[in-house]
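Residue-level listing of the chains:
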Amino acid sequence: MSSINNQIFLENKSENEYITYTRCLFAFIETVKIANLLDRGETLENIHDLVLQKDLLQIRSLASRKSSLRIILKRLNLLSEPYIQFIASDNIDVQRLTIFWTILREHRLLRELIREVIIEKLYRLERVISDRDLQDFFLTKYEQQEAIKSWSESTYQKTASHIVTTLVRAGLLYPIQYRKQYEIRPAPLPRELRDQLIADGWEHYLLLMLDFHQVTARALNTASMGSV
């Protein structure tokens, strides 16, 4: 496998910063294709040629190809070899949740939405989140955080929309269209991904990924403390 961990394609921002999220979204198919190339040992030069010149990702605009490739390589650059292999695997749940984890690491606003709204609902044994819940969360963040206030209206709206879309693509939320609501869907993480995250010291992300075991344990603990 050709590692990209020492290559810098974009400046890595602190996980504590709010960054915009206005393009490339989940990019599941595209990320899997690039991960497969890396896992097979393709060089970065060949990957650039396949994507930019031969249109591997089937993106019409050359500028969009360049942008998508930069974002995907930046995400994969944060990963050690086992996670590249997870994305390159044939297990769609492992692929999907590993990609979600890479996005989760980048986006503080996404993490805060899960922690402050979705997980709090689960602790109250609620399984539905409404558009109003989401709008209230994003409005509160806009009013409280100067970094988010500096975004344009378009950037703010796109970031909020793309964050919700990412949660749907990851399988954590399921849209109930006619009610303008979403069902929250915690589920056990695939064992190989869960074990690798724990081994690498990323256990604190299990709850943010709505791992059923973590959510249940925390909910029971919260209920127990509340009854004391």
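Note that this is a predicted model, so its numbers are computed, not measured.

### Observations regarding the environment of Ser80
Mapped onto the elements of the fold, Ser80 is located in the loop between helix H3 (62-77) and helix H4 (81-87). Each C-alpha atom of the pair Ser80 and Asp200 lies 9.8 Å from the other, and the pair is 120 residues apart in sequence.

### Observations regarding the pairing of strand S3 (residues 181-184)
Side chains Tyr182 and Ile184 project from S3 onto a buried face, and the interleaved Gln181 and Glu183 project onto a face without burial. Looking at chain direction, strand S1 (residues 128-130) and S3 are connected through 3 bridges and run antiparallel. Each residue of the ladder has a partner; that of Val128, found in S3, is Glu183. Pairing analysis gives 4 bridges linking strand S2 (residues 173-176) to S3, with the strands arranged antiparallel. In the strand pairing of S3, Ile176 is matched with Gln181. Following S2, the chain reverses through 4 residues before pairing antiparallel with S3; Lys180 in that reversal takes a positive phi of roughly 55 degrees.

### Considering the confidence of the model for the protein chain
Overall, the prediction assigns the protein chain a mean pLDDT of 89, with 89% of residues at 70 or greater. Confidence drops under a pLDDT of 50 for residues 1-13, and excluding neighbours within four residues, the segment shows 33 contacts in the predicted structure.

### As for the sheet that holds S1
The strand order across the open sheet built from 3 strands is S1-S3-S2, with neighbouring strands paired in antiparallel fashion. Each edge of the sheet is formed by a strand with only one pairing partner; in this case those strands are S1 and S2. Averaged over neighbouring strand pairs, the angle between their axes works out to 30 degrees when direction is ignored. Along the sheet face, helix H6 (residues 108-123) touches S1, S2 and S3 and points at about 140 degrees away from the line of S1.

Thresholds, definitions, all that
Residues numbered from 1 in each chain as written. Predicted model: local features only at pLDDT ≥ 70, side-chain atom pairs only at ≥ 80, totals over all residues. Heavy atoms only, no water. Helix = DSSP H or I, 4+ residues; strand = E, 2+ residues; numbered from the N terminus. Buried < 20%, exposed > 50% of the residue type's maximum accessible area, 1.4 Å probe, protein only. Pairing = 2+ DSSP bridges. pLDDT = per-residue confidence, 0-100. Contact = heavy atoms within 4.5 Å. Axes fitted to C-alpha atoms, helices over the stretch in contact; angles between N-to-C directions.

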